[in-house]
Amino acid sequence: MEAMQEKFEEFQAQIDALKNKTPDNKLSMIVFSGDLDKVLASFVIATGAVAMGMDVVMFFTFWGTPVLRDRNKSAGGKDLMGKMFGAMLPKGTGAVKLSKMNMAGMGTAMMKSLMKKKNVASLEQMLEMAEELGVRIYICEMSMDLMGFKREEMIEYKHMGFAGVATFLEEAQNSKIQLFI
Amino acid sequence: MSEEIKADKVMDLRGMPCPMPVVKISKGIKEVEIGQVVEAHSTDPGSLTDFPAWARTSGNEILKTEQDGDVIKFFIKRTA
């Protein structure tokens, strides 16, 4: 009887170990780019993944960070570099540009009107849908600090947090899919 | 003999490009009971490969796919 109990406990431990090795049905994505096309692709994949039954987490870093600024908010107390970055980088989803064929904004404007005509969701709509679907978003603290962005100038998003690389890696190592965009 | 499939819910996904059709169907299917059927109409040609991929992944069953002009009709049974 005692031997059986021991065996049972041994199996239990093995099953627990196996469970830890099996990744969750999750997609972890780094959004490094701040280009309209790449950020749009990120959101198409993210919302599609939720439809496929996956848990989704997006980690916005470097050029991706200013995409999540709120165009109606601003933050004071910035130093010169912070003010410069603030002025030169896009302020929110409405201000991001195409990676190719931007043509001083003309290409981006044309693409946006084409997207509208073809019923392709805009970045604003994508963000709204992602929030509704429960897509989690982290913003990289280091990028925020580097570019002088403050938390109070970022968008309101229900499932948003501020984090560092360890948070992403913990999510990523338990994910079936990891992407860097 | 072709059996008429009776849908418990009809979803109009016409005019919606990727990823909307799968996003909508994944929500819509949860609004019927397990065993019930959703009839979805899509005009996105990508749906022809996307819906089967979604069904396999989510564990639902596509009973029938029909093409009616530009409109693709899927009959999907909620099995998960």
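The rules behind the values
Residues numbered from 1 in each chain as written. Chains lettered and ligands numbered in written order. Predicted model: local features only at pLDDT ≥ 70, side-chain atom pairs only at ≥ 80, totals over all residues. Heavy atoms only, no water. Helix = DSSP H or I, 4+ residues; strand = E, 2+ residues; numbered from the N terminus. Rg over C-alpha atoms; globule rule 2.2 N^0.38 Å. Contact = heavy atoms within 4.5 Å. Pairing = 2+ DSSP bridges. Right-handed = clockwise from strand over helix to strand, strands pointing away. Patch = residues over 30% accessible without salt bridge, like charges linked within 9 Å, V, L, I, M, F, W, Y side chains within 5 Å. Areas by Shrake-Rupley, 256 points an atom, 1.4 Å probe, with all protein chains shown as cover. Salt bridge = Lys/Arg side-chain N within 4 Å of Asp/Glu carboxyl O. Buried < 20%, exposed > 50% of the residue type's maximum accessible area, 1.4 Å probe, protein only. Buried area = accessible area lost by both parts, 1.4 Å probe. Polar contact = N/O pair within 3.5 Å; in protein donor to acceptor, adjacent residues only side chain to side chain. Nonpolar A, V, L, I, M, F, W, Y, C, P; charged D, E, K, R; others polar. Axes fitted to C-alpha atoms, helices over the stretch in contact; angles between N-to-C directions. Left-handed = near helix turned anticlockwise from the far one by under 90°.

*Asks:* Describe the overall build of chain A, with residues and values.
*Replies:* Each helix and strand counted, chain A has 7 helices and 5 strands in total. Starting at the N terminus, the α and β elements of chain A follow one another as α-β-α-β-α-α-α-β-α-β-α-β. Compactness check: chain A gives a C-alpha radius of gyration of 20 Å against a globular reference of 16 Å for 181 residues, more than 25% above the reference. Reported as C-alpha extents along the three principal axes, the dimensions of chain A are approximately 80 × 45 × 25 Å.

*Asks:* Report on the environment of Leu98 of chain A, specifying residues and quantitative values.
*Replies:* All names here are of chain A. Mapped onto the elements of the fold, Leu98 is located in the loop between α3 (80–88) and α4 (106–117). Counting along the chain gives 59 residues from Leu98 to Val39, while the straight-line C-alpha distance between them is 9.7 Å. Non-local contacts of Leu98, meaning those with residues more than four positions away in its chain, are made with Leu36, Asp37, Gly107, Thr108 and Met111.

*Asks:* Just give me the short version of the pairing of strand β1 (residues 9–13) of chain B, but keep the residues and values in it.
*Replies:* Residues and elements named next belong to chain B. Where β1 meets strand β2 (residues 37–42), 5 bridges bridge the pair, whose relative direction is parallel. Within the sheet, the bridge partner assigned to Met11 lies in β2 and is Ala40. On the question of chirality, the crossover connecting β1 to the parallel β2 by way of helix α1 (residues 20–28) is right-handed.

*Asks:* Explain a nonpolar patch on the surface residue by residue, including any values.
*Replies:* Residues and elements named next belong to chain A. There is a patch of nonpolar side chains on the surface, built from Leu80, Met81, Met84 and Met88 and spanning about 480 Å² of accessible area. In this structure, Met84 sits in helix α3. With relative accessibility at 41%, the residue Met84 sits in the partly exposed group.

*Asks:* Provide a residue-level description of the interface of chain B and chain A, including the pertinent values.
*Replies:* In this assembly, 12 residues from chain B lie in contact with 12 residues from chain A. Carbon and sulfur atoms make up 74% of the area that chain B and chain A hide from each other, which totals about 970 Å². Inspection of the chain B/chain A interface yields 1 salt bridge. Note that Lys27 of chain B and Glu132 of chain A form a salt bridge whose closest N and O atoms lie 2.4 Å from each other. Linking chain B with chain A are 3 residue pairs in polar contact (both at pLDDT 80 or more). Breaking the side of chain B that touches chain A down by element, the ones donating at least two residues are α1 and α2 (47–58) of chain B. Among the elements that make up the side of chain B that touches chain A, the one with the highest residue count is α1 of chain B (5 residues). Of the residues in the side of chain B that touches chain A, the class split is 8 nonpolar, 3 polar and 1 charged.

*Asks:* Give a description of the pattern of salt bridges that names residues and reports values.
*Replies:* Residues and elements named next belong to chain A. Throughout the structure, instances matching the rule amount to 14 salt bridges over all chains. Glu156 is paired through a salt bridge with Lys73; the nearest N and O atoms lie 3.2 Å apart. Taken together, the residues Glu156 in the loop between α6 (141–147) and β4 (160–163) and Lys73 in the loop between β2 (55–60) and α3 connect sequence positions 83 residues apart. For Glu156, a relative accessible area of 65% puts it in the exposed group. According to the relative accessible area criterion, Lys73 is partly exposed, its value standing at 21%. Linking Lys78 and Glu153 is a salt bridge whose minimum nitrogen-to-oxygen distance equals 2.9 Å. Placement of the pair is Lys78 in the loop between β2 and α3 and Glu153 in the loop between α6 and β4, with a sequence separation of 75 residues. Because the salt bridges share partners, they merge into one network encompassing Lys26, Asp55, Arg136 and Glu171.

*Asks:* Can you break down the packing of α1 of chain B against α2 of chain B residue by residue, with the values?
*Replies:* All names here are of chain B. Interhelical geometry of α1 versus α2 gives an angle of 35° and a closest axis separation of 10 Å. As for the relative orientation of α1 and α2, their crossing is right-handed in sense. Contact residues: α1 offers Pro21, Val22, Ile25 and Ser26, while α2 offers Ser47, Asp50, Phe51 and Trp54. In the contact of α1 with α2, the residues fall into 5 nonpolar, 2 polar and 1 charged.

*Asks:* I'd like a description of the sheet that holds strand β4 (residues 71–77) of chain B, backed by residues and values.
*Replies:* All names here are of chain B. In space, the 4 strands of this open sheet follow the order β1-β2-β4-β3, with mixed pairing throughout. In this open sheet, the two edge strands, each paired with only one partner strand, are β1 and β3 (61–68). Strand-to-strand twist across the sheet, computed as the mean angle between neighbouring axes with direction ignored, equals 20°. Relative to β4, α2 is tilted by about 10°, and along the sheet it contacts β1, β2, β3 and β4.

*Asks:* Please give an account of unusual backbone geometry that cites residues and values.
*Replies:* The step from Cys18 of chain B to Pro19 of chain B runs through a cis peptide bond, and the omega angle for that step is 5°. In this structure, Met101 of chain A is a non-glycine residue whose phi angle is positive, near 55°. Locating Met101 of chain A in the fold gives a position in the loop between α3 and α4. A positive phi angle, near 55°, is found at Ala104 of chain A, a position not held by glycine.

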